Amino acid sequence: MKNFKKKLLLPVMAIALAVGGAFATNATKIDDSLSTIGYLSVHAPCDTPVICGDSGLPGCTISGWGEAFGMENNCTRVLFKP
């Protein structure tokens, strides 16, 4: 009986630690109401959609790809960093 309790203690403690860790962390949610779709010109004008914002710092740039623009006026509307 004593040996059984020792064998059971480690899995119970591991589960308790995992559940406690899950509740201790906070997942960050992106507010979709503040984001808008921008487009990069990779292979053709305005062909690759990316997430940008409607307010904030001007210039929705994607590292290594350049600046994304809104689809209006032939892909020239300036968007903002999310």
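Just so it is clear, the structure is predicted and the values come from calculations on it, not from any experiment.

Definitions and limits used
Residues numbered from 1 in each chain as written. Predicted model: local features only at pLDDT ≥ 70, side-chain atom pairs only at ≥ 80, totals over all residues. Heavy atoms only, no water. Disulfide = S-S within 2.5 Å. Buried < 20%, exposed > 50% of the residue type's maximum accessible area, 1.4 Å probe, protein only. Patch = residues over 30% accessible without salt bridge, like charges linked within 9 Å, V, L, I, M, F, W, Y side chains within 5 Å. Areas by Shrake-Rupley, 256 points an atom, 1.4 Å probe, with all protein chains shown as cover. Salt bridge = Lys/Arg side-chain N within 4 Å of Asp/Glu carboxyl O. Helix = DSSP H or I, 4+ residues; strand = E, 2+ residues; numbered from the N terminus. Pairing = 2+ DSSP bridges. Core = buried A, V, L, I, M, F, W, Y, C linked by side-chain atoms within 4.5 Å. Contact = heavy atoms within 4.5 Å.

Just give me the short version of the state of the cysteines, but keep the residues and values in it.
On inspection of all chains with the given rule, the structure shows 2 disulfides. Sulfur-sulfur distance for the disulfide between C52 and C60 comes to 1.9 Å. Measuring the twist about the S-S bond at about -80°, one finds the C52-C60 disulfide to be left-handed. With a relative accessible area of 0%, C52 lands in the buried category. A relative accessible area of 2% places C60 in the buried class. Ordering the disulfide-forming cysteines of the chain by sequence position, one finds them joined as 1-4, 2-3.

I'd like to hear about a nonpolar patch on the surface, residue by residue, with values.
Together, F4, L8 and V12 give the surface a local cluster of nonpolar side chains, amounting to about 290 Å² of exposed area. Mapped onto the elements of the fold, V12 is located in helix α1 (residues 2-24).

How would you explain the pairing of strand β1 (residues 35-40) if you had to name every residue and give the values?
The side chains of a regular strand alternate between both faces of the sheet. Burial along β1 is one-sided: T36, G38 and L40 are buried, while S35, I37 and Y39, pointing the other way, are not. Here β1 runs beside strand β2 (residues 48-58); their pairing, made up of 6 bridges, is antiparallel. Residue pairing for β2: S35 is matched across the bridge by G53.

Break down the nonpolar core for me, citing the residues and quoting the values.
With 6 residues, the main nonpolar core is built from L40, V50, C52, C60, A68 and L79. Setting aside chain neighbours within four positions, we find L40 in contact with C46, D47, T48, V50, I62, W65, G66, E67 and A68.

Explain the environment of V78 residue by residue, including any values.
As for its placement among the helices and strands, V78 is situated in strand β5 (residues 77-78). For the pair V78 and C60, spaced 18 residues apart in the sequence, the C-alpha separation amounts to 7.8 Å. Setting aside residues no more than four positions away along its own chain, V78 makes contact with G59, E67 and F69.

Which residues make up unusual backbone geometry, and what values do they have?
Residues other than glycine seldom take positive phi values, yet C46 does so here, at roughly 55°. Inspection of the secondary structure assignment puts C46 in the loop between β1 and β2. Among the residues examined, C46 registers a relative accessible area of 13% and is labelled buried.

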